[in-house]
Amino acid sequence: MAWTKYQLFLAGLMLVTGSINTLSAKWADNFMAPGCGGSKEHSFQHPFLQAVGMFLGEFSCLAAFFLLRCRAARHPDASMDPQQPFNSLLFLPPALCDMTGTSIMYVALNMTSASSFQMLRGAVIIFTGLFSVAFLGRRLALSQWLGILATIVGLVVVGLADLLSKHDDQHKLSEVITGDLLIIMAQIIVSIQMVLEEKFVYRHNVHPLRAVGTEGLFGFVILSLLLVPMYYIPAGSFSGNPRGTLEDVPDAFCQVGRQPLIALALLGNISSIAFFNFAGISVTKELSATTRMVLDSLRTIVIWALSLALGWEAFHPLQILGFLILLMGTALYNGLHRPLLSRLSRGRPPAEEGEHERLLGGSRTPINDAS
């Protein structure tokens, strides 16, 4: 069936805004500007402040939800189902996981390349599959276990490519290895978030935009408050500011004042995550969760190509092999091989009943798939 113009628009919006989200965060990290008190020029490395901006973008989805609800009150449609009463604190545990995982990933993005960052996020399949078996009592198909195995192999190949690639003064080998490990560690936390959402949130009839916005509200408020103690906590080699602390918000604002393009990068990060979440939810509804997964894989290619074109990283052939293996693992885990096998055997295509809602068992993604 041919896509409508609206569906093409949604697919393009998801691809573009998802790519902008990662690239704008990396672009901000590449800027050099002096900080407060006449400090020397240094790169803009403020991962926790960037995470606050991302949650602000997610929080804006809550405004979009209430606008849609007002519109539905005047012109009822099927996109706004009646909302069951629920306790908003249900979103607190997954929001805490989202806050922790996102913060760790922004720290890691300062240490490694944007393409490796995007590829290594594929590790979420491994932990999601294992946790769904352990805590949700699910049984994985053979193809899903093969997908997990392929993903592990792909991660090893991508990590090996990082080890063999040339490293500049900004990204030393030890930092790249640490960054890669932090990304994989963050995926464990994201997987816990996904299991919590499945176990406690999805049984309620909560609109996805409301879910994203509520988690964004919790993340924004809590992480904003945590920025105060982070100003005083020493971080050693993990710190990117002159004071050597976990986060230095005044230094960040001084750098933005001296290099306005940083503000543009931050604005791109904040706005893109809001549109990306809206587009992702709409693609799942209008097309399928599988289409959303394919578009997310295309996003990796776009980020990789632009990073190479901008000279942010060096090309290594092993990355192609690693990406293809990761793509195969994702396809196997999400069942993309079934329609292909069905067509090859000239059989009847498998039913797609419930594909729009199939999440953790198949094309499961967190309701606020960020970065």
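Residues numbered from 1 in each chain as written. Predicted model: local features only at pLDDT ≥ 70, side-chain atom pairs only at ≥ 80, totals over all residues. Heavy atoms only, no water.

The name an unreviewed UniProt entry assigns to the protein is Solute carrier family 35 member F6, from the organism Mustela putorius furo. The record held by UniProt for the protein lists under Subunit (unreviewed entry) the comment "Interacts with SLC25A5." Per UniProt, the protein has the following entry under Sequence similarities (unreviewed entry): "Belongs to the SLC35F solute transporter family." (UniProt positions renumbered as here; feature names shortened; annotations may be inferred.)

J.: Mind showing me how you'd approach the packing of helix 8 (residues 208–230) against helix 10 (residues 260–286) here?
T.: Between two packed helices, the angle of one axis relative to the other and the distance separating the axes together describe the packing. Following both chains from N to C, one finds helix 8 and helix 10 inclined at 150°, their axes separated by 10 Å at the closest point. Judged on the interaxial angle alone, helix 10 and helix 8 are roughly antiparallel. Between helix 8 and helix 10 the crossing geometry is right-handed. Contact residues: helix 8 offers P208, L209 and V212, while helix 10 offers N277, F278 and I281. By residue class, the composition of the contact of helix 8 with helix 10 is 5 nonpolar, 1 polar and no charged. (Axes fitted to C-alpha atoms, helices over the stretch in contact; angles between N-to-C directions. Helix = DSSP H or I, 4+ residues; strand = E, 2+ residues; numbered from the N terminus. Parallel < 35°, antiparallel > 145°, perpendicular 65-115°, else oblique. Left-handed = near helix turned anticlockwise from the far one by under 90°. Contact = heavy atoms within 4.5 Å. Nonpolar A, V, L, I, M, F, W, Y, C, P; charged D, E, K, R; others polar.)

J.: Would you explain the state of the cysteines in this entry?
T.: Structurally, a disulfide amounts to a covalent bond that connects the sulfur atoms of two cysteines. Counted by the stated rule, this structure contains 1 disulfide. Each disulfide pairs two cysteine sulfurs, and for C36 the partner residue is C254, the sulfurs being separated by 1.8 Å. Negative torsions about the S-S bond denote left-handed disulfides, and the value of about 90° found for C36 with C254 makes this one right-handed. Taken as a pair, C36 in the loop between strand 1 (32–34) and strand 2 (41–43) and C254 in helix 9 (residues 249–258) lie far apart in primary sequence, 218 residues in all. (Disulfide = S-S within 2.5 Å.)

J.: Looking at this structure, I do not really get the pattern of salt bridges. What am I missing?
T.: When the charged atoms of two side chains with opposite charge come close together, those side chains can pair. According to the stated counting rule, one finds 1 salt bridge in the structure shown. D296 is paired through a salt bridge with R299; the nearest N and O atoms lie 2.6 Å apart. Here R299 and D296 lie together in helix 11 (residues 289–309), a separation of 3 residues that amounts to about one turn. Residue class for R299 comes out buried when judged on its relative accessible area of 0%. (Salt bridge = Lys/Arg side-chain N within 4 Å of Asp/Glu carboxyl O. Buried < 20%, exposed > 50% of the residue type's maximum accessible area, 1.4 Å probe, protein only.)

J.: Explain the environment of G147 here, please?
T.: Within the element layout of this structure, G147 appears in helix 6 (residues 142–164). Judged by its relative accessible area of 0%, G147 is buried. It is 9.4 Å that separates the C-alpha atoms of G147 and I325, two residues lying 178 residues apart in sequence. If near-sequence neighbours (up to four positions away) are discounted, G147 is found in contact with G329, L332 and Y333.

J.: When you look at the nonpolar core in this model, what are you seeing that I'm missing?
T.: Within soluble globular proteins, side chains that are nonpolar generally end up buried alongside one another. Of all hydrophobic cores here, the largest spans 63 residues; its most connected members are F44, L223, L227 and I262. The biggest single contributor to this core is helix 3 (residues 92–109), with 8 residues. (Core = buried A, V, L, I, M, F, W, Y, C linked by side-chain atoms within 4.5 Å.)

J.: Can you walk me through a nonpolar patch on the surface in this structure?
T.: Together, L160, L163, L164, L173, I177 and L181 give the surface a local cluster of nonpolar side chains, amounting to about 510 Å² of exposed area. Looking at the nonpolar patch, the elements with two or more residues in it are helix 6 and helix 7 (173–201). The residue L160 is located in helix 6 in this model. Among the residues examined, L160 registers a relative accessible area of 38% and is labelled partly exposed. (Patch = residues over 30% accessible without salt bridge, like charges linked within 9 Å, V, L, I, M, F, W, Y side chains within 5 Å. Areas by Shrake-Rupley, 256 points an atom, 1.4 Å probe, with all protein chains shown as cover.)

J.: I tried to follow the side chain of D251 on my own but got confused; where do I start?
T.: On the secondary structure map, D251 appears in helix 9. No salt bridge forms around the buried D251; measuring N to O, its nearest opposite-charge neighbour R258 is 7.4 Å away. A distance of 3.0 Å separates polar atoms of two side chains, one belonging to D251 and the other to H42. Apart from the residues within four sequence positions on either side, D251 is in contact with G35, C36, S39, H42, H46, N241 and P242. (Lys, Arg positive; Asp, Glu negative; His and termini not counted. Polar contact = N/O pair within 3.5 Å; in protein donor to acceptor, adjacent residues only side chain to side chain.)

J.: Quick question: what am I supposed to make of the environment of I301 here?
T.: As for its placement among the helices and strands, I301 is situated in helix 11. Note on I301: relative accessible area 38%, which makes it partly exposed. Spatially, the C-alpha atoms of I301 and S115 are 8.1 Å apart, while their sequence positions differ by 186 residues.

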